[in-house]
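Observations on the three-dimensional arrangement
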Amino acid sequence: MMEETSLLLLLFVSSLLCCTTNQANLTVSSSSSQMFKGGFVYLSCEEDDSSAGWTLRRNTTTETRAECGVKWGKSTGSSCIISYIQRADSGVYWCESREGATSNSINITVAGGSVILQSPVLPVMEGDDVTLHCKTETSNLLLADFYKDGSLIRTEPAGHMTIHHVSKSDEGLYTCHVSSHGESPPSWMTVASKPTTTAPPPASAPLQLVFILAYHLMVFCPYFISTLIMVSSYRHRPTGNDLPVPMAIPLPNQTAEGLAEEYDGIMAVTTEHHF
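All of the points below concern the structure found in this document.

The next subject is the overall build of the protein. Across its full length, the protein carries four helices and 19 strands. For the protein, the residues scored as buried account for 28% of the 275 residues in total. Of the contacts formed within the protein by residues at least 6 apart in sequence, a portion of 59% connects residues at least 24 apart. A total of about 18300 Å² of accessible surface is found on the protein, and carbon and sulfur atoms cover 60% of it.

Here's what the structure looks like:
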């Protein structure tokens, strides 16, 4: 019973590993999360498995889970083109598969005014340097004030500010202001932690065995069904205790009776010779 339970559990874990949906990564042609209206934007799902059927979707102030090519953009397979972006295109964009798996999301803001803050559209890696640009439709070399979470950080005469060796404390909501032009929309900057390089502690021997078996079963996923059929057939085979007794083998009492009859015959012959 324990062996059957372990086998079913192992097959279940391996089937989960085999059937995991591959992921996709959403990329955008613009390096900034903010842009002026009228620009060209190209979004693409960089997918591990084209058979998953990834499509672009978005949430805006007027739409929810709207698919590219239906009411907005032009769909080209797993990519989407917005040839003339407008304020109504501001929102959250992501890739979604037929099975419902989702990629990373990207926020896009189309400015209604004359000032934008060019900040990274993707998360910034901890320890890297980041430069924020305050731009107007006519120039990006203007005296600009930079704010984080509503507080003034500093004023830059060239219109851009560099943050060296960013850390988690630099994560937040940024804006910039240019005199006589106005303020940019707010832009959230995300700081991602660097992956650790420390080797994980060695797993115990039983756990390693489970991982090895799960890996081999994952590789041979197409043979799971045939394996289950073979296991089921093996369970229904007759065991040694169920074998029928051969009719030709005499029982112990029958053997004893036969020996007694032979003994009586020998005694009778011996008696006749004595007389």
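For the rest of this paragraph, the subject is the environment of Pro186. Secondary-structure assignment places Pro186 in the loop between β17 (182-183) and β18 (187-189). Counting along the chain gives 77 residues from Pro186 to Thr109, while the straight-line C-alpha distance between them is 9.0 Å. Apart from residues lying up to four places away in sequence, Pro186 is in contact with Gln34, Leu173, Tyr174 and Thr175.

By the criterion of burial, strand β8 (residues 91-96) is predominantly enclosed, with five of the six residues buried. Sheet topology places strand β4 (residues 55-59) next to β8; five bridges connect them, and they run antiparallel. Its bridge partner lying in β8, Asn59 is registered against Val92. Pairing of β8 with strand β9 (residues 102-111) involves five bridges; the strand directions are antiparallel. Within the sheet, the bridge partner assigned to Gly91 lies in β9 and is Ile108. With antiparallel pairing between neighbouring strands as the criterion, β8 and β9 make up a hairpin whose turn holds five residues, including Gly100 at a positive phi of roughly 100°.

Another point: the pattern of salt bridges. With the rule as written, the count across this model stands at eight salt bridges. The partner of Glu171 in a salt bridge is Lys168, and the shortest N-O contact between them spans 3.7 Å. Residue Glu171 is classed as partly exposed on the basis of its relative accessible area, which comes to 24%. Linked by salt bridges that have partners in common, Arg57, Arg65, Glu67 and Glu96 make up one network.

Turning our eyes to something else, we now look at the pairing of strand β7 (residues 79-82). Note on strand geometry: in a regular strand, side chains alternate between the two faces of the sheet. Pairing of strand β3 (residues 41-47) with β7 involves four bridges; the strand directions are antiparallel. Bridge pairing in β7 places Val41 opposite Ile82. Where strand β6 (residues 74-76) meets β7, three bridges bridge the pair, whose relative direction is antiparallel. Residue pairing across strands places Thr76 opposite Ser79, the latter belonging to β7. The turn linking β6 back onto β7 is made up of two residues, and Gly77 within it adopts a positive phi angle of 75°.

Looking now at unusual backbone geometry. In this structure, Arg65 takes a positive phi of about 55° despite not being glycine. Mapped onto the fold, Arg65 is located in the loop between β4 and β5 (66-67). Its identity is not glycine, yet Asp149 carries a phi of approximately 55°, on the positive side. On the secondary structure map, Asp149 appears in the loop between β13 (144-148) and β14 (151-156). Residue classification places Asp149 among the partly exposed residues on the basis of a relative accessible area of 46%.

What follows deals with the sheet that holds β6. In a beta sheet, neighbouring strands are held together by backbone hydrogen bonds and run either parallel or antiparallel to one another. Strand order in the open sheet formed by four strands is β1-β3-β7-β6, and the pairing between neighbours is antiparallel. Two strands in the sheet have a free side with no partner beyond their single neighbour: β1 (24-28) and β6. Averaged over all neighbouring strand pairs, the angle between strand axes comes to 20°, with direction disregarded.

What follows concerns the state of the cysteines. By the definition in use, this model includes three disulfides. Residue pairing for Cys68: its cysteine sulfur links by disulfide to Cys80, the two sulfurs lying 1.9 Å apart. Handedness here is read from the sign of the S-S torsion; for Cys68 and Cys80, about 85°, the answer is right-handed. Linking Cys68 in the loop between β5 and β6 with Cys80 in strand β7, this pair joins segments that are twelve residues apart in sequence.

Taken together, the five strands give an open sheet; going across it, the order is β2-β9-β8-β4-β5, and neighbouring strands pair in mixed fashion. A strand with exactly one partner marks an edge of an open sheet, and here the two such strands are β2 (34-36) and β5.

A few words now on the packing of aromatic side chains. By the definition in use, this model includes one aromatic pair. With 5.5 Å between their ring centres and 80° between their planes, Trp72 and Tyr93 make a pair best called edge-to-face. Here Tyr93 lies in strand β8 and Trp72 lies in the loop between β5 and β6, a separation of 21 residues in the sequence. Judged by relative accessible area, Trp72 falls into the buried class, the value being 4%. Judged by relative accessible area, Tyr93 falls into the buried class, the value being 0%.

Procedures and definitions
Residues numbered from 1 in each chain as written. Predicted model: local features only at pLDDT ≥ 70, side-chain atom pairs only at ≥ 80, totals over all residues. Heavy atoms only, no water. Helix = DSSP H or I, 4+ residues; strand = E, 2+ residues; numbered from the N terminus. Buried < 20%, exposed > 50% of the residue type's maximum accessible area, 1.4 Å probe, protein only. Contact = heavy atoms within 4.5 Å. Areas by Shrake-Rupley, 256 points an atom, 1.4 Å probe, with all protein chains shown as cover. Pairing = 2+ DSSP bridges. Salt bridge = Lys/Arg side-chain N within 4 Å of Asp/Glu carboxyl O. Axes fitted to C-alpha atoms, helices over the stretch in contact; angles between N-to-C directions. Disulfide = S-S within 2.5 Å. Phe/Tyr/Trp six-rings, centres within 6.5 Å; stacked < 30°, edge-to-face > 60°.

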